[in-house]
Amino acid sequence: LLGGLIKIRGDRCWRDLTCMDFHYETQPVPNPVAYYLHHSPWWFHRFETLSNHFIELLVPFFLFLGRRACIIHGVLQILFQAILIVSGNLSFLNWLTMVPSLACFDDAALGFLFPSGPGSLKDRVLQMQSEIQGARPKPRFGSVVRRAANVSLGVLLAWLSVPVVLNLLSSRQVMNTHFNSLHIVNTYGAFGSITKERTEVILQGTASPNASAPDAVWEDYEFKCKPGNPSRRPCLISPYHYRLDWLMWFAAFQTYEHNDWILHLAGKLLASDAEALSLLAYNPFAGRPPPRWVRGEHYRYKFSRPGGRHAAEGKWWVRKRIGAYFPPLSLEELRPYFRDRGWPLPKPL
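Conventions adopted
- The numbers attached to residues start from 1 for each chain and follow its sequence in the written order.
- Local features in this predicted model are restricted to residues whose pLDDT is 70 or higher, and side-chain atom pairs enter the listing and the counts only when it is 80 or higher, whereas totals over whole chains, interfaces and linings include all residues.
- Side-chain calculation: all heavy atoms of the structure are included, whereas hydrogens and water are not.
- Each helix corresponds to a stretch of at least 4 residues labelled H or I by DSSP, and each strand to a stretch of at least 2 residues labelled E; elements are numbered beginning at the N terminus.
- Throughout, radius of gyration means the C-alpha value; the globule benchmark is 2.2 Å times the number of residues raised to the power 0.38.
- Each residue gets one of three labels from its accessible area relative to the maximum for its type: buried under 20%, exposed over 50%, partly exposed in between, using a 1.4 Å probe on protein chains only.
- Contacts were defined at the residue level, with two residues in contact if any of their heavy atoms lie within 4.5 Å.
- Positive charge is attributed to Lys and Arg, negative charge to Asp and Glu, and no charge count is given to His or to the chain ends.
- Note that the charge is assigned to NZ on lysines, CZ on arginines, CG on aspartates and CD on glutamates.
- In this document the domain limits rely on a domain assignment from an automatic tool or a database.
- Two parts placed together each lose some accessible area under a 1.4 Å probe, and the buried area is that loss summed for both.
- What counts as a salt bridge is simple: a side-chain nitrogen of Lys or Arg found within 4 Å of a carboxyl oxygen of Asp or Glu.
- Between N or O atoms, a polar contact is any pair within 3.5 Å; within protein, one atom must be a potential hydrogen donor and the other a potential acceptor, and residues adjacent in sequence are included only when both atoms are from side chains.
- As used in this record, nonpolar core signifies buried Ala, Val, Leu, Ile, Met, Phe, Trp, Tyr and Cys residues forming a set joined through side-chain atoms within 4.5 Å.
- Ring pairs are drawn from Phe, Tyr and Trp, using the six-membered ring of Trp, whenever the two centres fall within 6.5 Å, and their geometry is named by plane angle: stacked under 30 degrees, edge-to-face over 60, tilted for the rest.
- Lines fitted to the C-alpha atoms define the axes, with helices restricted to the stretch that makes contact. Angles between their N-to-C directions range from 0 to 180 degrees.
- Should an angle fall under 35 degrees it is taken as roughly parallel, and over 145 as roughly antiparallel, whereas 65 to 115 is taken as roughly perpendicular and any remaining angle as oblique.
- Residues are grouped as follows: Ala, Val, Leu, Ile, Met, Phe, Trp, Tyr, Cys and Pro are nonpolar; Asp, Glu, Lys and Arg are charged; every other residue, Gly included, is polar.
- To count toward a patch, a residue needs a relative accessible area over 30% and no salt bridge; like charges are then connected within 9 Å, while nonpolar side chains (Val, Leu, Ile, Met, Phe, Trp, Tyr) are connected within 5 Å.
- Surface accessibility in these figures is a Shrake-Rupley result with a 1.4 Å probe; residues are shielded only by whichever protein chains are displayed.
- Two strands make a pair as long as DSSP finds a minimum of two bridges between them.

### A short note on the overall build of the chain
Scanning the chain from terminus to terminus reveals 16 helices and eight strands. The C-alpha atoms of the chain give a radius of gyration of 27 Å, which is well past the 20 Å a tight globule of 349 residues would have. Expressed as a percentage of the 349 residues in the chain, the buried residues total 41%. At a minimum sequence separation of 6, the contacts of the chain that also span at least 24 residues come to 68%. Across the chain, the 38 positively charged side chains and the 26 negatively charged ones have centroids separated by 6 Å.

Okay, structure coming up:
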């Protein structure tokens, strides 16, 4: 429900049903299925958006409409999360979201998973349940204490949830924040707004002594999962999470001044730092001296069209240079930058 409301309030494309026209291409780390889903007909994207609103805004209330509606809620939520897992690399988020929905299924709903008949595990459990229901022992001190603790915890959570509910009802709903120092009750939501185009930061290095020389050869570093080489197939890693690849997705929305860590990474690459290079898929300077210069280039990426010229050339992506993300930098030029921030200067191998 939180995610559904933040979408309706956050971006017009969720209200005019066009967000799925862009989502598969612009999500943090697309997978191969996203490539084909992106090229679905327009009416299918409208259906997807409407289905998202139905599941996130209406289905949660099924929990209060009785046993059958609760089971339907569990089925729809798990199916919804499974579709999200198949269509994108959203780390472990969707896998964890499935877990609470398992509580929607009682013993009767899951009974078909277990064999029945005399002597079976299912039969023994039913006998135990009937015996327990027939005996009504007097409450003991421990059970009274446990019940009091449960009620107290429920009252505490209800009290801490007041600002969460007020935020939920507010027209200025805040996404992904906490309201107390213990972080017990929080609010969250994903994709409140959808980016309409995909941009990427491509890190490049050169061994040329003069970075501005026309004959300087710049070579691309490749990350493990984020788009880089247009001919490389999108990865499939869920539920695993490449955090650096996600950070590079966020960095492409802003400038390097807002993401000073990317210059820290550039310094590591200039020194051929082993730990930093272990986070990448391809180091163009492997077995060679480290690069003398590293720069960041800003590109706009779009999925190639199936059956089109670029796809026929084996390219999943079509990219166009926007401009420089950060200028060519040497390790010596980064020395004062590292010193001002208290970062140790990497030592070249």
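### Structural notes on the domain arrangement of the chain
Looking at the chain, the domain boundaries give domain 1 (1-105) and domain 2 (198-341). When each unit is reduced to the centre of its C-alpha atoms, the spacing between domain 1 and domain 2 is 32 Å. For the pairing of domain 1 and domain 2, the buried interface totals around 1900 Å² over both sides, and the portion due to carbon and sulfur atoms is 67%. Counting the surface domain 1 buries against domain 2, the share from its top three residues, Glu25, Pro28 and Tyr35, is 34%. The tally of links between domain 1 and domain 2 comes to one salt bridge.

### With respect to the side chain of His298
With respect to the secondary-structure elements, His298 resides in strand S7 (residues 293-303). Within the local environment of His298, its side chain forms a polar contact with the backbone oxygen of Ala252, the two atoms lying 3.2 Å apart. Beyond its immediate chain neighbours, meaning those up to four positions away, His298 contacts Thr199, Glu200, Val201, Ala252, Lys320, Arg321, Ile322, Gly323 and Tyr325.

### Comments concerning the nonpolar core
Ranked by size, the top nonpolar core spans 27 residues in total, and within it Leu203, Ile262, Leu269 and Phe326 carry the most contacts. Counting only elements with at least two residues in this core, the list comes to strand S3 (198-206), helix H12 (243-251), helix H13 (261-270), helix H14 (274-277), strand S8 (317-329) and helix H16 (331-340). No other element matches H13, which puts six residues into this core. In this structure, Ile262 is in contact with Val201, Leu203, Met248, Tyr256, Tyr325 and Phe326, ignoring residues within four places of it in sequence.

### Here we look at the packing of aromatic side chains
One pass over the full model with this rule turns up 18 aromatic pairs. Measuring from centroid to centroid gives 5.2 Å for Tyr35 and Phe303, while their planes differ by 85°, and the two rings are edge-to-face. With a gap of 268 residues between them, Tyr35 in helix H4 (residues 32-38) and Phe303 in strand S7 connect regions that are remote in the sequence. Residue class for Phe303 comes out buried when judged on its relative accessible area of 6%. Judged by centre distance (4.8 Å) and plane angle (70°), the rings of Trp249 and Phe250 are edge-to-face. What makes Phe250 partly exposed here is its relative accessible area of 40%. Here the aromatic cluster, defined as three or more aromatic residues joined through ring pairs, consists of Tyr35, Tyr36, Tyr301, Phe303, Trp316 and Trp317.

### Quick word on unusual backbone geometry
Glycine aside, residues mostly have negative phi angles, and peptide bonds mostly take the trans form. Geometrically, the link from Ser238 to Pro239 is a cis peptide bond, its omega value of 10° lying close to zero. Positionally, Pro239 belongs in the loop between strand S5 (222-223) and H12. If you check the backbone angles, Leu17 has positive phi at about 70° while not being a glycine. For Leu17, a relative accessible area of 19% gives the class buried. The phi dihedral of Ser91 falls on the positive side, at around 55°, and the residue is not glycine. Tracing the backbone through its elements, the reader meets Ser91 in the loop between helix H6 (67-87) and helix H7 (93-101). Among the residues examined, Ser91 registers a relative accessible area of 8% and is labelled buried.

### Observations concerning the packing of helix H10 (residues 141-160) against helix H11 (residues 162-169)
Across the interface, H10 lies against H11 with an axial gap of 4 Å and an inter-helix angle of 40°. Relative to H11, the element H10 is oriented oblique. Along its contact with H10, which presents Ala158, Trp159 and Leu160, the element H11 presents Val162, Pro163 and Val164. A class-by-class count of the residues in the contact of H10 with H11 yields six nonpolar, no polar and no charged.

### Quick look at a nonpolar patch on the surface
On the surface, a cluster of nonpolar side chains totalling about 510 Å² of accessible area is made up of Phe92, Trp95, Leu96, Val99 and Leu102. Looking at the secondary structure, you find Val99 in helix H7.

### Quick word on the environment of Thr177
Position of Thr177 relative to the elements: it lies in strand S1 (residues 177-178). Judged by its relative accessible area of 26%, Thr177 falls in the partly exposed class. Measuring from C-alpha to C-alpha, the distance between Thr177 and Arg15 comes to 24 Å, with 162 residues separating the pair along the chain. Once residues within four sequence positions are removed from consideration, Thr177 is found in contact with Asn186 and Thr187.

### Re the sheet that holds strand S4 (residues 219-220)
Read across the open sheet, the four strands follow the order S4-S3-S7-S8; overall the sheet is antiparallel. For this open sheet the edge positions go to S4 and S8, each flanked by a neighbour on one side alone.

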